[in-house]
Amino acid sequence: MAVERTLSIIKPDAVAKNVVGQIIARFENAGLQVVAAKMVHLSQEQAEGFYAEHKERPFFGDLVAFMTSGPVVVQVLEGENAILTNRDLMGATNPKEAAEGTIRRDFAESIDANAVHGSDSAASAEREVAYFFNADEICPRG
Ligand code: GDP
Ligand code: MG
């Protein structure tokens, strides 16, 4: 295993529910560190660019509308095996299929309002971290 960085977004539904701290506690309890963080209300352009890989999918318009519906908390998580660890903590995309004890099972309502985003590979983590953060905004604690 190697120390990795991954991009996490706490989506508008979870911010509106006031469970930002509860979600971050799950990352910390799993050994991940928050090494960069900001709250932002995404513009249409920012959300479309971030989810460009889904541009042709039928749900793209709904996804962009949802992600711009309120503020999100964007973070870089660092730790051993961070990408897969975060995906395991998140649970399945559809909260109805997410395992017990996962973030989506506990905090999400539906496949579109599903509480969190997490990078799904090393390549997407690299792109997604750079999409939101400059190098000097990331503060590794060693
Ligand atoms: P993730 O990596 O688990 O977040 O899932 P994907 O990368 O496949 O999809 C990105 C996001 O698009 C998901 O988190 C959902 O918010 C949304 N999404 C995926 N599939 C559907 C769908 O079938 N319908 C709707 N409305 N949204 C979807
Ligand atoms: Mg994805």
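A brief look at the structure comes next. (Residues numbered from 1 in each chain as written. Chains lettered and ligands numbered in written order. Predicted model: local features only at pLDDT ≥ 70, side-chain atom pairs only at ≥ 80, totals over all residues. Heavy atoms only, no water.)

**Here we look at helix H7 (residues 122-132)**
Then step 1. Here H7 has its buried residues at Ser124, Ala125, Glu128, Val129 and Phe132. Relative to the axis of H7, the buried residues are bounded by an arc of 125° and lie together on one face. Turned more than 90 degrees off the buried face of H7, the exposed positions are Ala122, Ala123, Glu126 and Ala130.
Then step 2. Looking at the packing, one finds that the buried side of H7 touches strand S1 (3-10), strand S2 (33-40), helix H3 (44-50), strand S3 (72-80), helix H5 (82-90) and strand S4 (116-118). (Buried < 20%, exposed > 50% of the residue type's maximum accessible area, 1.4 Å probe, protein only. Helix = DSSP H or I, 4+ residues; strand = E, 2+ residues; numbered from the N terminus. Arc of directions from axis to C-beta. Contact = heavy atoms within 4.5 Å.)

**Quick notes on the pattern of salt bridges**
Then step 1. Counted according to the given criterion, the structure contains 4 salt bridges.
Then step 2. Glu78 is paired through a salt bridge with Arg5; the nearest N and O atoms lie 2.8 Å apart. With Glu78 in strand S3 and Arg5 in strand S1, this residue pair connects regions lying 73 residues apart in the sequence.
Then step 3. Glu78 gets classed as buried once you look at its relative accessible area, which sits at 13%.
Then step 4. Under the relative-accessibility criterion, Arg5 is labelled partly exposed at 34%.
Then step 5. Of the charged contacts in the structure, one is a salt bridge between Arg26 and Asp106, with a shortest N-O distance of 2.9 Å. With a gap of 80 residues between them, Arg26 in helix H2 (residues 20-29) and Asp106 in helix H6 (residues 103-107) connect regions that are remote in the sequence.
Then step 6. Residue classification places Arg26 among the partly exposed positions, given a relative accessible area of 23%. (Salt bridge = Lys/Arg side-chain N within 4 Å of Asp/Glu carboxyl O.)

**Thoughts on H2**
What sets the pattern is the α-helix's 3.6 residues per turn: residues three or four places apart point alike.
Then step 1. Here H2 has its buried residues at Ile23, Ile24 and Phe27. Angularly, the buried residues of H2 cover 95° about the axis, an arc narrow enough to put them on a single face. The exposed residues of H2 that point more than 90 degrees off its buried face are Gly21 and Asn29.

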